[in-house]
Amino acid sequence: MGVIDLNADLGEGDGPWRLEPAADDALLELVTSANVAAGYHGGDATTMALTCAAAVARGVAVGAHPSYDDRAGFGRRHVGVAPEVLRAQVAYQVGALVAVARSVGARVTHVKPHGALYNAVVHDEGQARAVVQAVLAVDPALTVLGLPGSRVLALAAAAGLATATEAFVDRGYRPDGTLVPRDRVGALVTDPGEAADRAVRMAVEGTVTAVDGAVVRLAPQSLCVHSDTPGAVAIATAVRAALAAAGVDVRPFGGA
């Protein structure tokens, strides 16, 4: 029997100013790890506390989801920030989530960068090193979650941090294993059946088909469904059912 984690990026709303109902509660019944926004792209102190409390009540592992300082752009715009500034910003966000989680009886187990920062640390040595240094400074027991083959995972491992690889059931892939930019055709996978098929193939075979038809090898330890992908709950429901039917055990990576 295979084993895989299912994660989602949660707590990304704006408290009482959120325009649409969040899918967070429904997704917390389906995922095994929650990456909680730490305020720079979404969320706030109250949202962090509520999300962490809801996660721990369901046995869902809690992770910090730091971003570039880009709330207006939801953290999806690359910000040319100096490494020393980024290091402080990531430490600030991770530290805040650790403290808020502790206040509601939850423990942060991992860190997953968000949006443009996630994509930047795949190849950008300086940005990746800043993230690793921030995690080390806050808590060297935290696991760094990221894209297979990324610089941030290589640097984290070299620094003695635990790492975990992830794949995206609701995002398109380029043949080099990176994600199709959100403004390009093929960026999103919104059909629950297609996402479920991809999830099983990722978990069982460690592969995904890129937008050009190439087969990309991934070997993920965690699968991600984004809470803001249209039909996210239906996608996560289909993924869980398909993984169960394929004999894949879904639980937090690292046994959290």
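Enquirer: Just checking my understanding: could you explain the packing of helix H4 (residues 115-123) against helix H5 (residues 125-138) for this structure?
Expert: The axes of two packed helices give the description: the angle between them and the distance between them. Two elements in contact, H4 and H5, have axes whose closest approach is 6 Å; the angle formed by their N-to-C orientations is 110°. If you check the angle between H4 and H5, you find them roughly perpendicular. In this structure, the crossing between H4 and H5 has a hand that is left-handed. Contacts from Leu117, Val121 and His123 of H4 reach H5 at Glu125, Gln127, Ala128 and Val131. Here the contact of H4 with H5 is composed, by residue class, of four nonpolar, two polar and one charged.

Enquirer: Please clarify how the pattern of salt bridges should be interpreted in this entry.
Expert: Side chains carrying opposite charge are able to pair once their charged atoms draw close together. Under the definition given, this model contains ten salt bridges. The closest approach of N and O atoms between Lys112 and Asp9, which form a salt bridge, is 3.1 Å. A residue pair is termed long-range when its members are at least 10 positions apart, and Lys112 in the loop between strand S4 (108-111) and H4 and Asp9 in strand S1 (residues 3-10) qualify at 103 residues. As far as burial versus exposure is concerned, Lys112 and Asp9 are alike and both buried.

Enquirer: For this particular structure, what's the right way to read the packing of aromatic side chains?
Expert: How two aromatic rings sit relative to each other is given by the distance of their centres and the angle of their planes. Under the defined criterion, the tally for this structure stands at two aromatic pairs. Each ring, one from Tyr40 and one from Tyr92, has its centre 5.9 Å from the other, and the planes form 40°; the classification is tilted. Of this pair, Tyr40 sits in the loop between strand S2 (33-37) and helix H2 (45-57) while Tyr92 sits in helix H3 (residues 83-103), placing them 52 residues apart in sequence. Taking the centre distance of 5.6 Å and the plane angle of 85° together, the rings of Tyr118 and Phe168 count as edge-to-face.

Enquirer: I'm lost on H2 in this one. Help?
Expert: At 3.6 residues per turn, the α-helix brings residues three or four places apart onto the same side. Under the 1.5 Å per step criterion, the end-to-end length of H2 is 18 Å for 13 residues, consistent within 8% with the ideal 18 Å. Every buried residue of H2 is listed here: Thr47, Met48, Thr51, Cys52, Ala54 and Ala55. Buried residues of H2, viewed axially, fall in a sector of 165°; they line one side. Set apart from the buried face of H2 by more than 90 degrees, the exposed residues are Thr46, Leu50 and Ala57. In this fold, the buried residues of H2 make contact with S1, helix H1 (24-28), S2, strand S3 (61-65) and H3. Looking one or two residues beyond H2, the residue adopting positive phi is Gly59, at roughly 75°.

Rules used throughout
- Residues numbered from 1 in each chain as written.
- Predicted model: local features only at pLDDT ≥ 70, side-chain atom pairs only at ≥ 80, totals over all residues.
- Heavy atoms only, no water.
- Axes fitted to C-alpha atoms, helices over the stretch in contact; angles between N-to-C directions.
- Helix = DSSP H or I, 4+ residues; strand = E, 2+ residues; numbered from the N terminus.
- Parallel < 35°, antiparallel > 145°, perpendicular 65-115°, else oblique.
- Left-handed = near helix turned anticlockwise from the far one by under 90°.
- Contact = heavy atoms within 4.5 Å.
- Nonpolar A, V, L, I, M, F, W, Y, C, P; charged D, E, K, R; others polar.
- Salt bridge = Lys/Arg side-chain N within 4 Å of Asp/Glu carboxyl O.
- Buried < 20%, exposed > 50% of the residue type's maximum accessible area, 1.4 Å probe, protein only.
- Phe/Tyr/Trp six-rings, centres within 6.5 Å; stacked < 30°, edge-to-face > 60°.
- Expected span 1.5 Å × (residues − 1).
- Arc of directions from axis to C-beta.

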